[in-house]
Each structure stands twice: as structure tokens, then as C-alpha cells.
Amino acid sequence: MNQTLSAARPHPEPASPAPRTVRVRHADLLGFTSAVFAARGLAPERAHEAARALCYGDLTGLNSHGLVNLTRLYLPLFDEGRVDPHAEPRTVADRGAAVLIDADRALGLWVAGVAMDAAAERAAEYGIGVAAVRGATHLGCAGHHALRAVTRGMIGLVASNCGGQRIARPPGGAVTMLGTNPLSVAAPAGDHPPFVLDMSTTAAPTGRIRQAARAGRPVPEGLLRDDEGVSVTDPAAFDAGRAHLMWLGGEAGQYKGFGLGIAVEVLAALVPGAGLGAHPDALVGDGGPGGRDDDIGFFVAAVAPGALREGAEADANVLFGTLLACPPVDRAKPVRYPGWHEHRRAEEHMSTGVPLDVTVYAELAEVAADAGLAVPDVLAER
Ligand SMILES: NC(=O)c1ccc[n+]([C@@H]2O[C@H](COP(=O)([O-])OP(=O)(O)OC[C@H]3O[C@@H](n4cnc5c(N)ncnc54)[C@H](O)[C@@H]3O)[C@@H](O)[C@H]2O)c1
């Protein structure tokens, strides 16, 4: 380096990199999101419950299904009249332990919690309770609703299909037939953070693929492949129609993920009579992703081991405590079970603020300006 030159000229300060995330208080984010839903006509308590479900994604780090979906998914549902803010879900069959609910286009973020409460009330009496729901809209993170049972000391199961929306092809098939069909099972874990398995039954939800595309980063091998079966890591290839989503299980285990996706369709759509992904409409068209995520079905169950026997809680403590005590291969990477990291992140974000991508925060600011609301204050930028 030329010392003289460098000393003679004023040295500009290196530009600090633009922040990629901002942190906001969870309470502020919740209040803001509730106000946005209330401004769309939802009653205050419903708006609050829906906001809790949406904020759960960013709070726990499942941010492919957090506030990023406010402008991309939920507000368009209101704008297009596909969700009814005043819907009154109806119980259309009641068999004691099992109920069938027609959600009448209610917001899934809210009505999935109503279904879990109904299932848990039945479980308290019968040991198990089921609420099958049709006519619903997108529920966000399935795990949030499954956890509702855990707060009552029960095990929660939530399965949701994607209504008539088709995203993934059967293995060996050339046409999309099913959605990403999420499945969650949550259970109390004694003194440990609750167990929450919460996942799409495809190798990844579309939200995660699109998130990577917006950030300009590749996705890991095993999520997408092209028509020749070659693995694709460019996430933009998915919406461009040059790659399709794989099922869970990898190349060798595709039928396990596909089977799980069908199991969700059976429970969440066949049982309540909701819209089917694999419908003859799928056979018409170009075979790419299509159909609409209207008339979504849920299968929501609560199991109360305490109604059947004593001691399940103590056994859960042993089960999850022993899993956590598993000697790791790498001491820097202790063994954890599903739900553990989400619980830890939620605790951290409750004290340091919920991280939001700056682009998502900018979208919230626009929504706030349109609705005459204040956007949550930024606590920190990084
Ligand atoms: N409503 C819908 O239509 C829809 C569709 C698809 C997905 N989703 C939601 O999207 C969210 C994200 O789904 P996903 O499939 O990307 O989940 P993911 O791949 O991030 O996680 C899947 C599961 O693996 C566990 N896990 C991940 N890493 C772990 C680790 N290191 N140690 C222990 N456990 C670990 C998680 O706790 C989780 O239970 C979920 O909340 C899901 O319900 C919703």
C-alpha cells in the first residue's frame, strides 16, 4: 500500500453495512398486529388471538410463517373477500368426543385456536377430543395452536391441508396434487421446554423457499429438483416453474413424506369435508402449482393422559430429560428435541426484542401508514 498517498488524502469512514434486521418489543408487535386485524373488522379478542398466532412465527424464529405473511397472504385474503372477519363458526355435528365445525371463511389464525379449545374441553371429559374443521383459511404455524393444549397439560395435534391449493407432486408424478400440509404434535415435557414437532410434510414450506429467493441465497440440497430429477439450489427456480418441491424424507424416503402429506389430507380434509388438493381439477392445466387455498380443513386433537392414568407428567420429565442428556457427538452441539430451540428463542426475544427483516419492517410501516396506526418502535438494528 502507498503510505504517503494514504496519509495525504482524507480517509473516508468505511460505510457501515445497512441493517438487515430490526428488533421490536413483542408487546408492541402484538398490539400493532391486533390493531391491523381489528381495522379489518375482527372483534378485538379474535384480533388479539390471530395476532398472537402470527407473531408466534417471528417470536420463535419460524419467520417463514410470521409477519412476512401479513401483506403477502392475510391482508390479500381480506381484500379479496376470501376471509370473513365476521364469520360465526358453526358446530355442524357433535358426537361428544368429536365435533365438526364449519368455519364459514373465518380467519384460520383465530379459528384454529377455537378448534383446539373445543378439542381440549372434550379431552378433559373423555381423555381425547377432536375438532374437525372445514371452510377455514390459513392457520399460520400449526405448532402455535398445538401448544394451546400443552397449556392445559394435554398433548395437542394439529394437521392442516391447503384447501384446493396444489404445490407438490406425488413421487414420479408430473402434476401437482397436494399442498405443503403442515403437521404438529406438541406435548408437555415435565420441567423441560415443551416438545413441539411443527413442520410442513414437504421438505420445506414454500415460505422458506421464497424467503431464500428474496434474500438471494441458495437453498440446501434436497428441497427442490427439476423435471429430470436433478437437485436445484436456486430458490427462484421454484416460482419460475423450473423446479418443484420435494417431500420430506429425501430421495430415498420420498414415499414417507408423501404418505404423511396424504395422511394430513385424509385427517384434515376428508374427515371434515374441506377442499381437496388432489381433485380432478388438478388434471387440467399445465401441472404446475395451482388451485386456491380456500376451504382449508383442519384436524385438531387433544389428548389428556391425566384423564386415563396418573404419572404421565413424571414420565414425560424422564423421557425429555433423558433425551437432553444424550451425549453429543460434538460437545459444542448438545442434543435438543423439536420445540426446544423455539422455546429458547421466544424467551430471548421476549427480553431483547423480536427480530424482523428490514424489508418486513418497511412493509409493516406501509400498512401502519395506510391504516393510520403507529408502527412498532425499533429497539435495535443489526
Ligand atoms: N399453514 C400452512 O399451510 C403451513 C404450511 C407449511 C408450513 N407451515 C408452518 O411453517 C413453519 C415452519 O415449518 P418447517 O417445515 O420449515 O419447520 P422447520 O424445518 O423449521 O422445523 C421442523 C421441526 O424440526 C425441529 N427442528 C429443526 N431444527 C432442529 C434442531 N436443530 N434441533 C431440534 N429440533 C429441530 C423444529 O422444532 C420443528 O419442530 C411451521 O410452523 C409450520 O406449521 C404452515
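All values reported here derive from a predicted model rather than from experimental measurement.

Comments concerning the sheet that holds strand β6 (residues 183-189)
A sheet is described by the order of its strands in space; here seven strands give the open sequence β2-β3-β4-β11-β5-β6-β7, paired in mixed fashion. Across the chains shown, the open sheet's two edge strands, defined by having one partner strand only, are β2 (90-94) and β7 (192-199). Going from strand to strand, the sheet's axes swing by 15 degrees on average, the running direction of each strand aside. When strand β5 (residues 155-160) meets β6, the two strands line up antiparallel, connected through four bridges.

A few points about the environment of G81
Tracing the chain through its elements places G81 in the loop between α4 (68-79) and β2. On the accessibility criterion, G81 (40% relative accessible area) is partly exposed. When the C-alpha positions of G81 and M199 are compared, they lie 28 Å apart, and in sequence the two are 118 residues distant.

Looking at the site of the ligand
What surrounds the ligand is a group of 23 residues, the closest being H65, A142, D198, S200 and E342. In the environment of the ligand, an oxygen atom lies 3.0 Å from a nitrogen or oxygen atom belonging to the backbone of A142. For the shell around the ligand, the secondary-structure elements that each account for two or more residues are β7 and α11 (340-352). No other element matches β7, which puts four residues into the shell around the ligand.

Some remarks on the sheet that holds strand β8 (residues 224-225)
A sheet is described by the order of its strands in space; here three strands give the open sequence β9-β8-β10, paired in antiparallel fashion. Edge positions in the sheet fall to β9 (231-232) and β10 (244-245), since each of these pairs with one other strand and no more.

Reading the values: rules and limits
- Residues numbered from 1 in each chain as written.
- Predicted model: local features only at pLDDT ≥ 70, side-chain atom pairs only at ≥ 80, totals over all residues.
- Heavy atoms only, no water.
- Pairing = 2+ DSSP bridges.
- Helix = DSSP H or I, 4+ residues; strand = E, 2+ residues; numbered from the N terminus.
- Axes fitted to C-alpha atoms, helices over the stretch in contact; angles between N-to-C directions.
- Buried < 20%, exposed > 50% of the residue type's maximum accessible area, 1.4 Å probe, protein only.
- Near = heavy atom within 4 Å.
- Polar contact = N/O pair within 3.5 Å; in protein donor to acceptor, adjacent residues only side chain to side chain.

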